[in-house]
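Chain and residue survey
Here is what each chain is made of, one letter per residue.
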Amino acid sequence: NAGVTQTPKFQVLKTGQSMTLQCAQDMNHNSMYWYRQDPGMGLRLIYYSASEGTTDKGEVPNGYNVSRLNKREFSLRLESAAPSQTSVYFCASSSRTGLQETQYFGPGTRLLVL
Amino acid sequence: DAKTTQPPSMDCAEGRAANLPCNHSTISGNEYVYWYRQIHSQGPQYIIHGLKNNETNEMASLIITEDRKSSTLILPHATLRDTAVYYCIVRLRTGNQFYFGTGTSLTVIP
């Protein structure tokens with residue numbers, strides 16, 4: 001049981017390049033999330049998927065797209081990377097029981113855009 | 001507007017109890033309070049959550065005031081490995097989002 005896995009761990013891009021961050025979970029969770037964390041800041045939600053086939057914008061969605069490929073996988077795409085997207089990206093999945101929801105996080109992807 | 005307010009940093013002596021406060025004065029009646037911690041830029045780790053009653057697990061205790069406007073996370077015997085940023089989180093009223101804030105950076109001192 002690996003929990004939440006993310007690939008790649010590190011990535012360097014040039015401005016304007018595109019890339020996809022991959023996330024997978026093996027806990028049979030319905031909901032999945034993408035966050036970004038800038039230095040000295042808390043996590044900010046980019047997009048989330050409450051269930052397979054649905055996605056919704058979070059606090060900072062501009063410049064990103066997502067795909068909930070199936071129940072296990074939730075990818076984040078940067079179509080044209082900008083230096084402002086230099087950050088650490090965390091994927092999470094969650095289990096919900098009534099109004100209680102516990103999120104489990106991946107190890108993160110460190111992205112540098114030059 | 002912020003949903004939670006935490007002190008930016010705290011120190012605690014190794015072996016002593018660490019008490020981390022959080023204000024969540026706008027919390028609604030059915031919102032849970034969650035605590036996570038993040039060790040050195042790893043992914044955040046779930047600690048504990050609660051609604052009204054005090055809660056305890058193998059990691060920590062959570063004390064929620066009767067009016068639910070604030071809570072305290074207690075690490076009963078802090079170790080050096082507890083040095084981390086601790087986040088007090090409530091769910092935003094709309095959508096499916098959690099508000100993380102900037103957390104409290106706890107340093108456990110030998």
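Look up a bit, the structure's there.
Anyway, here's the lowdown on the structure attached to this text. Within every chain, residues take consecutive numbers counted from 1 along the sequence as written. Numbering of ligands from 1 and lettering of chains from A proceed in the order in which they are written. At least 70 in pLDDT is required for a residue's local features to be given in this predicted model, at least 80 for side-chain atom pairs to be given and counted, and no such filter applies to totals for whole chains, interfaces and linings, which use all residues. No hydrogens and no water enter the side-chain calculation; it runs on all heavy atoms of the structure.

1. Concerning the interface of chain B and chain A
By the convention used here, residues are in contact when the closest approach between their heavy atoms is within 4.5 Å. Taken together, the 20 residues of chain B in the interface contact 24 residues of chain A. Taken together, both faces of the contact between chain B and chain A bury some 1,800 Å²; the carbon and sulfur share is 50%. Put simply, a salt bridge is a Lys or Arg side-chain nitrogen that is within 4 Å of an Asp or Glu carboxyl oxygen. At the junction of chain B and chain A, the tally comes to 0 salt bridges. Only strand E3 (33-38), strand E4 (45-50) and strand E8 (84-91) of chain B provide two or more residues apiece to the side of chain B that touches chain A. By residue number, the principal contributor to the side of chain B that touches chain A is E3(B), which donates 3 residues. Values labelled buried area give the accessible surface lost by two parts on being combined, using a 1.4 Å probe and summing over both. Helix and strand assignments come from DSSP, with helices taken as H or I runs of at least 4 residues and strands as E runs of at least 2, each series counted from the N terminus.

2. Considerations on the side chain of B:Gln6
Residues and elements named next belong to chain B. Looking at the secondary structure, you find Gln6 in the segment before strand E1 (9-13). N or O atoms within 3.5 Å of each other form a polar contact, as long as, within protein, one can give a hydrogen and the other can take it, and as long as residues adjacent in sequence are counted only when both atoms are side-chain atoms. There is a polar contact of 2.9 Å between the side chain of Gln6 and the backbone oxygen of Tyr86. Looking at Gln6, its side chain comes within polar contact range of the side chain of Thr104, at 3.5 Å. Not counting residues within four places of it along the chain, the set of residues in contact with Gln6 comprises Pro21, Cys22, Trp35, Tyr86, Tyr87, Cys88, Phe100, Gly103 and Thr104.

3. Description of the side chain of B:Thr104
The topology assignment puts B:Thr104 in strand E10 (residues 104-109). Residues in contact with B:Thr104, not counting those within four places in the same chain, are B:Gln6, B:Pro7, B:Pro8, B:Ser9, B:Met10, B:Leu20, B:Ala84, B:Val85 and B:Tyr86.

4. Considering the pairing of strand E7 (residues 65-68) of chain A
Residue and element names in this part refer to chain A. A simple rule labels every residue: compare its accessible area, found with a 1.4 Å probe on the protein chains alone, to the largest value its type can have, and call it buried under 20%, exposed over 50%, or partly exposed in between. Covered by surrounding structure in E7 are Val66 and Arg68 only, the residues Asn65 and Ser67 on the alternate face being uncovered. The pairing criterion is simple: DSSP has to find at least two bridges between the two strands. Relative to strand E8 (residues 74-78), E7 runs antiparallel, the two sharing 4 bridges. Of the residues in E8, the one forming a bridge with Arg68 is Phe74. Counted between consecutive antiparallel strands, the loop separating E7 from E8 contains 5 residues.

5. What to know about the packing of aromatic side chains
Pairing of aromatic rings covers Phe, Tyr and Trp, the last through its six-membered ring, and needs centres within 6.5 Å; plane angles under 30 degrees mean stacked, over 60 mean edge-to-face, and all others mean tilted. Under the counting rule described, the total for this entry stands at 11 aromatic pairs over all chains. Between A:Tyr33 and A:Tyr35 the ring centres are 6.2 Å apart and the planes differ by 25 degrees, which places this aromatic pair in the stacked class. The exposure class assigned to A:Tyr35 is buried, which follows from its relative accessible area of 0%. Pairing A:Tyr64 with A:Tyr89 gives two aromatic rings, centres 5.9 Å apart and planes at 65 degrees, and the pair type is edge-to-face. With a gap of 25 residues between them, A:Tyr64 in the loop between strand E6 (56-57) and E7 and A:Tyr89 in strand E9 (residues 87-97) connect regions that are remote in the sequence. Of the two residues examined, A:Tyr64 and A:Tyr89, each falls in the buried class. Grouped by ring-pair contacts, the aromatic residues A:Tyr33, A:Tyr35, A:Tyr48, A:Phe105, B:Tyr36, B:Tyr46, B:Tyr87 and B:Phe100 constitute a single cluster.

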